[in-house]
Each structure stands twice: as structure tokens, then as C-alpha cells.
Amino acid sequence: MYKRVLLKLSGEALSGEGGKGFSEKMLTYLVNEIQKIHSLNIKLGIVIGAGNIFRGKELKDFRIQMADQLGMLGTVINSLYLKNVFEKNGIKSIVVSPIVNLPSVMPLKYDFIEQYFEAGYIVLFGGGTSNPLFTTDTAAALRAVEMNADILVKATKVDGIYDKDPKLFEDAKKYDIITYEQAIKEQIKVMDTEAFSICEKNNLSILIINFFKEGNLLKAVEGENIGTKVNY
Ligand SMILES: Nc1ncnc2c1ncn2[C@@H]1O[C@H](COP(=O)(O)OP(=O)(O)OP(=O)(O)O)[C@@H](O)[C@H]1O
Ligand SMILES: O=c1ccn([C@@H]2O[C@H](COP(=O)(O)O)[C@@H](O)[C@H]2O)c(=O)[nH]1
């Protein structure tokens, strides 16, 4: 079983696939999935995207730097939203972010983060990398290395990495394991190349799983053979 896990969730984990905003049904599902792993006493960090609010590249009339800043703020909104939902369900969590100064958001300080984990808090890393032109995949890789995670679990909309996009090609074949070299060479689109590269350089594996299949998160954390593992 993994003991220190960075979980990357799409903003769509809050809205449902392809949706915007927040869905009660999805939030209940998410809380149930998190409760299953939180009870295992693991140190859990979460990076959540903002596809349910803004993705920079979707805002066509904006300069990309401006659009991306809206996107990053969206990730803080989602983190705070999640903190509140967790709290209502008896799950202790804390939002840390380098990009905003709000009463419920703590600054990103390594020593404090360790203390939050020791005290049993889930740490929600908001604000992405704090730089435009990136995405939360890269932020997840960065935070995973910073928190010294055993694994980065990307919980997304597909069962793993395929030789081509399985949403577009019915005959796509799934890989159980793939190396970073292969993932980068084949330009696998399921995760940013920057994220692959950070994890490769820091000897950290990524596990890609389908978030929308009940029980998958628990299986992933327990080290079951699901999804696709990207190894260095
Ligand atoms: N070779 C591939 N194997 C698996 N999925 C792929 C591949 N190529 C493209 N994809 C697509 O990548 C998508 C997952 O990446 P995407 O960035 O959309 O998800 P996410 O990171 O969970 O969401 P968000 O961008 O909102 O944070 C899948 O839904 C799939 O359609
Ligand atoms: O480091 C970062 C992370 C994110 N952004 C912007 O936020 C949105 C939302 O993140 P997703 O990963 O797409 O869910 C992203 O599209 C960027 O616009 C950023 O600029 N820098």
C-alpha cells in the first residue's frame, strides 16, 4: 500500500464529465471515494483542476496569460469548495496556495505541510504551479515531488494510457505499464509532457486510473494492478 499519495483530480470530478459548476451527485461520490482511502491513514495531497470553471485555452477572447490566471484562481475556488464539502463530512483538510492571501488559505511552506499530514489533514494544493502557461498536471507533478509522494495518481476519464486516444478510437489498446521515455516519445496526450518530465527526473511513478469507476481510488492506493503505471 502507498503511504504518501498525491492525487490529481480533474475539475470535472466536481461537475461530472463534460459539465460545469458543481454537482451534488458527483460531490457525494467524491467524498465516498476519498473516505475509503482517508481511513487508511495515508498522507494525502490533492491537486484539483478547474475544467468545471475555466480552462485558460477555452477563453478565446483573452490573452493567454490572463485566461490562465482565471484558471489558476478556479483551482483555488475548487479547493476551498472541496474543503467545505470535506468538513461537512467529517474529513479534515487544509488548503494551501502560493497565489492568494485569504483567511482560509495557508501559504505553501514545506515544514507546515508535513505538520498538516502528521495531524491527519488532507492537503489541498490550490493555484496550480502559480505560473500561467502550465496546467494542473504539471502542478500535480511539482507538488508530488515536493511532498515526497510514493506515487502520483492521476484520476481521470479513461482507464489508463492507450496507444491512441480511446475516446476517439475504439480499437485503442491499453498499456498496463509504460516508461516515461515511451510516453514522451509517443506524445501521449493524457498528461502534459512537462509533468512526465518532472516525475521522470525525480524517480516518481504515475498511475493513471479512471476516477469515475467506484472503488478504483482505493484499489490504486492499495497497489492493485489497475490503470496504467508510468515508470522511470
Ligand atoms: N493515448 C491516450 N491514452 C489515454 N487517454 C488519452 C490518450 N490521448 C488522449 N487521451 C485523452 O486524455 C484525456 C485525459 O486528459 P485530460 O487532460 O482531458 O484529463 P484531466 O487532466 O483529467 O482533466 P483536466 O484537463 O480537466 O484536468 C482522456 O479523456 C482521453 O480522451
Ligand atoms: O500551473 C497552472 C495550472 C493551471 N493553470 C490554468 O488553470 C486552468 C485549469 O487547470 P486544468 O489543469 O486545465 O484543469 C488551466 O487550463 C490553465 O488555464 C495555469 O495557468 N497554471
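Small disclaimer: the values here were computed from a predicted structure and weren't measured.

(A) Representation of the UniProt feature "binding site: UMP" (unreviewed entry) in the chain within the structure. In the numbering used here, UniProt assigns the feature "binding site: UMP" (unreviewed entry) to D68, T129, S130, N131, P132, L133, F134, T135 and T136. These residues run over 69 residues, yet every pair of their C-alpha atoms falls within 11.0 Å of each other. If you trace the backbone, N131 turns up in the loop between β5 (122–125) and α5 (136–146). With respect to the helices, strands and loops of the structure, F134 is situated in the loop between β5 and α5. By relative accessible area, which is 38% here, F134 ends up partly exposed.

(B) Representation of the sheet that holds strand β9 (residues 228–231) in the model. Read across the open sheet, the nine strands follow the order β4-β3-β5-β2-β1-β6-β8-β9-β7; overall the sheet is mixed. Edge positions in the open sheet fall to β4 (105–106) and β7 (177–179), since each of these has one partner strand only. Pairing of strand β3 (residues 93–96) with β4, which is carried by two bridges, proceeds in the parallel orientation. Across the sheet, the residue bridging to V95 is V105, located in β4. Seen against the sheet, helix α2 (residues 24–38) touches β1 (4–9), β2 (43–48) and β5 and runs at an angle of roughly 155° to β2. The strands touched by α5 within the sheet are β1, β2, β5 and β6 (151–156), with β1 carrying the most contacts at an inclination of about 170°.

(C) Molecular detail of the pairing of strand β8 (residues 206–210). Among the five residues that make up β8, five are buried, leaving the element largely enclosed by the rest of the structure. Because side chains alternate across β8, one face comprises the buried residues I206, I208 and N210, and the other comprises L207 and I209, equally buried. The pairing of β6 with β8 spans five bridges and is parallel. Paired with V153 across the two strands is L207, which belongs to β8.

(D) Seen up close, the packing of α2 against helix α3 (residues 64–88). Running from amino to carboxyl end, α2 crosses α3 at an angle of 70°, the nearest separation of the two axes being 11 Å. By the angle between their axes, α2 is roughly perpendicular relative to α3. Crossing geometry of α2 relative to α3 is assigned as right-handed. Touching L27, L30, V31 and I34 of α2 are Y81, L82, V85 and F86, all from α3. Classifying every residue of the contact of α2 with α3 gives eight nonpolar, no polar and no charged.

(E) Just the site of ligand 2, in detail. Lining the immediate environment of ligand 2, one finds 17 residues, of which G56, D68, T129, N131 and T136 sit closest. Between T129 and ligand 2, the recorded distance is 2.7 Å, taken from a side-chain N or O atom to an oxygen atom. One of the backbone nitrogen or oxygen atoms of F134 is found 3.2 Å away from a nitrogen atom of ligand 2. Contact with the protein chains covers 93% of the free accessible surface of ligand 2, which is 440 Å².

(F) Just the UniProt feature "binding site: ATP" (unreviewed entry) in the chain, in detail. When the UniProt feature table is mapped to this numbering, "binding site: ATP" (unreviewed entry) covers K8, L9, S10, G11, G51, R55, T156, Y162 and D165. A maximum C-alpha distance of 24.2 Å shows the annotated residues, which cover 158 residues in sequence, to be distributed over more than one spot. The residue K8 is located in strand β1 in this model. The exposure class assigned to K8 is buried, which follows from its relative accessible area of 7%. When sequence neighbours within four positions are dropped, the list of residues in contact with K8 reads V47, G49, T136, D137, A140, L152, V153, K154 and A155. Side chain to side chain, K8 and D137 meet in a polar contact 2.9 Å long. Mapped onto the elements of the fold, R55 is located in the loop between β2 and α3. On the accessibility criterion, R55 (27% relative accessible area) is partly exposed. Excluding residues that lie within four positions of it along the chain, R55 makes contacts with E12, A50 and K157. A polar contact of 2.7 Å, which involves the side chain of R55, links it to the side chain of E12.

(G) Summary view of the environment of G45. Relative to the elements of secondary structure, G45 occurs in strand β2. Taking relative accessible area as the criterion, G45 reaches 0% and is therefore assigned buried. Distance in space between the C-alpha atoms of G45 and R55 is 22 Å, their sequence separation being 10 residues. Apart from the residues within four sequence positions on either side, G45 is in contact with V5, L6, L7, F117, V123, F125 and M147.

About the cut-offs
Residues numbered from 1 in each chain as written. Chains lettered and ligands numbered in written order. Predicted model: local features only at pLDDT ≥ 70, side-chain atom pairs only at ≥ 80, totals over all residues. Heavy atoms only, no water. UniProt positions renumbered as here; feature names shortened; annotations may be inferred. Helix = DSSP H or I, 4+ residues; strand = E, 2+ residues; numbered from the N terminus. Buried < 20%, exposed > 50% of the residue type's maximum accessible area, 1.4 Å probe, protein only. Pairing = 2+ DSSP bridges. Contact = heavy atoms within 4.5 Å. Axes fitted to C-alpha atoms, helices over the stretch in contact; angles between N-to-C directions. Parallel < 35°, antiparallel > 145°, perpendicular 65-115°, else oblique. Left-handed = near helix turned anticlockwise from the far one by under 90°. Nonpolar A, V, L, I, M, F, W, Y, C, P; charged D, E, K, R; others polar. Near = heavy atom within 4 Å. Polar contact = N/O pair within 3.5 Å; in protein donor to acceptor, adjacent residues only side chain to side chain. Areas by Shrake-Rupley, 256 points an atom, 1.4 Å probe, with all protein chains shown as cover.

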